[in-house]
Structure formats: structure tokens, C-alpha cells
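# Results of the structural survey
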Amino acid sequence: MQIDVFTLFPEWFDWMRRPRHLANAAEHAGLELRAFSYRDYTPLSAGQVDDAPYGGGAGMVLRVDVIAEGLQRVYGLPAADVRRRRRVVVLTPRGRMFTDRVARELAELPELTLLCGRYEGFDERIVEHLATDAVSIGRYVLAGGELAAMVVCDAVLRKLPGALGHADSAIEESFSEALDGAPEYPHYTRPASYRGWDVPEILLSGHHERIREWRRERSEERGRPGSGG
């Protein structure tokens with residue numbers, strides 16, 4: 001899988017090559033994670049990438065010609081044609097909500113491009129004519145799309161073959177289909193008793209079927225409205 005991130009801060013993504021699950025994905029799933037700076041491709045002077053919004057208002061807006069030039073030069077295609085070859089996702093608070101289902105959907109792609117917003121966001125023509133999708137990691141506003149891109153990358157890449165130490169680790173986890181979209185059940189480890197805080201006896205019983213039932217019940221409880229997770 002190849003993931004490309006377009007951003008004003010490509011150096012921020014250097015650390016993402018360090019975590020073990022990402023290194024495993026690179027080794028076992030052929031992961032290639034690249035980051036490109038908008039400023040390297042702007043046709044404007046002095047590295048300009050934004051401009052004042054038409055109609056007035058505070059803040060600056062990322063220009064459509066700058067993003068188009070970056071896509072065209074990186075992929076060697078007319079900018080509007082790139083989305084016919086690979087998924088191009090704009091990261092914006094008003095996009096569709098990023099969920100485990102969306103992460104699995106994106107993990108099945110051979111190629112993915114993420115466009116990070118900054119300032120007041122994107123010229124709407126970027127969303128309409130250059131992107132295939134718009135995704136949000138939550139109904140709040142960040143200074144830019146870089147953290148959102150990292151969230152998407154991490155959630156997607158841990159689903160690639162070989163990324164996690166155990167193949168089943170990504171199957172039965174919070175919000176997965178295996179748990180019907182509910183949060184994961186509680187976990188315990190040694191010591192079995194600490195300061196009078198005991199591990200539930202069922203987990204020490206060795207009765208695997210009863211343990212599975214207990215875990216399913218706890219997961220369902222956490223998923224009920226008002227449970228607090």
C-alpha cells in the first residue's frame with residue numbers, strides 16, 4: 001500500500017515510520033508512506049500557498065491552483081485525473097465521520113492520498129474537482145489536517161497484514177464487526193490481586209466459552225447509550 005500525504009509540514013510525518021506496527025506494515029504489506037510539501041510545488045512566488053477568501057472574512061484559504069500543481073507534478077497526470085487513479089481524501093471537519101468501517105475500507109486500497117488543510121481550509125473547488133472524498137476525525141476544529149492525517153494513517157495501517165504482532169489483534173477490538181461495533185471488553189493481567197482489587201474470577205477459571213460470553217456481555221454493556229464506555 002502507498003499512502004501519500006500533502007501538507008505544509010512533511011517533516012511531522014517522519015516519526016510515523018518508527019512505531020513497530022508501521023515498520024511491520026512496511027516489511028510485510030509493502031507499505032510506502034510519503035509526505036509532500038505544498039510549498040515545493042506552488043507556482044506562486046515566495047512559497048505562497050493561500051490567499052484571502054472572496055467575499056471577505058478572517059483567515060486565509062488554501063488555493064486550488066497550488067494543490068492542483070502538487071498533484072500534477074507528483075503523479076504526472078492532470079490534477080483532475082488523479083482521483084480516477086487513486087483515492088484522494090480531503091481532511092476536513094465537515095467530512096464523513098472516520099470510523100472503524102472507513103478505516104477498513106481505506107486499508108483495502110492499494111493507493112491513498114491525504115490532503116491536509118490549514119488556515120481556514122480548502123478552496124471548495126479542491127473538494128469538488130480534485131478529491132474523491134472528505135473525511136473528519138471529529139466534530140471539532142484543529143489548526144490543520146496533519147493530526148487528522150496521522151490518525152487516519154495509524155488506524156488504516158494497523159489493519160494491514162503483518163502490521164500487528166498477532167494476526168487476531170485487529171479482529172476483536174473496539175468498534176469492530178466482531179464486537180458488533182461496540183467498545184472492547186475490559187482486560188486484566190498479573191497480579192491477580194492488588195490492594196484488594198481482584199481480577200474477575202471468571203477470567204481465572206479456564207472455561208473459555210464462559211470467558212467469551214463474559215467478554216461479549218461486558219462489550220455490550222459498554223456499548224449501551226449512557227454507559228460511559
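Residues numbered from 1 in each chain as written. Predicted model: local features only at pLDDT ≥ 70, side-chain atom pairs only at ≥ 80, totals over all residues. Heavy atoms only, no water.

Glancing now at the sheet that holds strand E2 (residues 32-37). Neighbouring strands of a sheet are bound in pairs by backbone hydrogen bonds; such pairs are parallel or else antiparallel. Pairing is parallel across the open sheet formed by 5 strands, whose spatial order is E2-E1-E6-E5-E7. Looking at which strands have only one partner, the edges of the open sheet turn out to be E2 and strand E7 (133-136). In this sheet, adjacent strand axes meet at a mean angle of 30° when their direction is disregarded. The pairing of strand E5 (residues 87-97) with E7 spans 5 bridges and is parallel. By the bridge assignment, valine 90 is partnered in E7 with alanine 134. Contacting strand E1 (2-7), E2 and strand E6 (111-116), helix H2 (residues 64-75) runs over the sheet at an angle of about 145° to E1. Strand contacts of helix H4 (residues 100-107): E5 and E6, with the helix running at about 175° to E5, the strand carrying the most contacts. (Pairing = 2+ DSSP bridges. Helix = DSSP H or I, 4+ residues; strand = E, 2+ residues; numbered from the N terminus. Axes fitted to C-alpha atoms, helices over the stretch in contact; angles between N-to-C directions. Contact = heavy atoms within 4.5 Å.)

Right, let's get into the pattern of salt bridges. Tallied over the entire structure, the rule returns 18 salt bridges. Note that glutamate 146 and arginine 118 form a salt bridge whose closest N and O atoms lie 2.6 Å from each other. You can see glutamate 146 sitting in helix H6 (residues 146-157) and its partner arginine 118 sitting in the loop between E6 and helix H5 (124-129), a full 28 residues away along the chain. A relative accessible area of 14% places arginine 118 in the buried class. Residues participating in the shared-partner salt-bridge network are Asp4, Arg34, Arg86 and Glu111. (Salt bridge = Lys/Arg side-chain N within 4 Å of Asp/Glu carboxyl O. Buried < 20%, exposed > 50% of the residue type's maximum accessible area, 1.4 Å probe, protein only.)

With that out of the way, let us pick up the nonpolar core. One broad rule of soluble globular proteins: the nonpolar side chains tend to lie buried together. In this structure, Ile3, Val5, Leu91, Phe98 and Leu114 are the most contacted members of the largest nonpolar core, which totals 31 residues. Elements that contribute at least two residues to this core include exactly E1, helix H1 (20-28), E5, H4, E6 and H6. Here this core takes 8 residues from H6, the largest share from any one element. Excluding residues within four positions of it along the chain, leucine 91 makes contact with Leu114, Leu115, Cys116, Gly117, Phe122, Val135, Gly145, Ala148, Ala149 and Val152. Counting 24 residues, the second-largest nonpolar core is a separate cluster that includes Phe6, Ala68, Leu77 and Val127. (Core = buried A, V, L, I, M, F, W, Y, C linked by side-chain atoms within 4.5 Å.)

What is shown is where atoms sit, not what they do.
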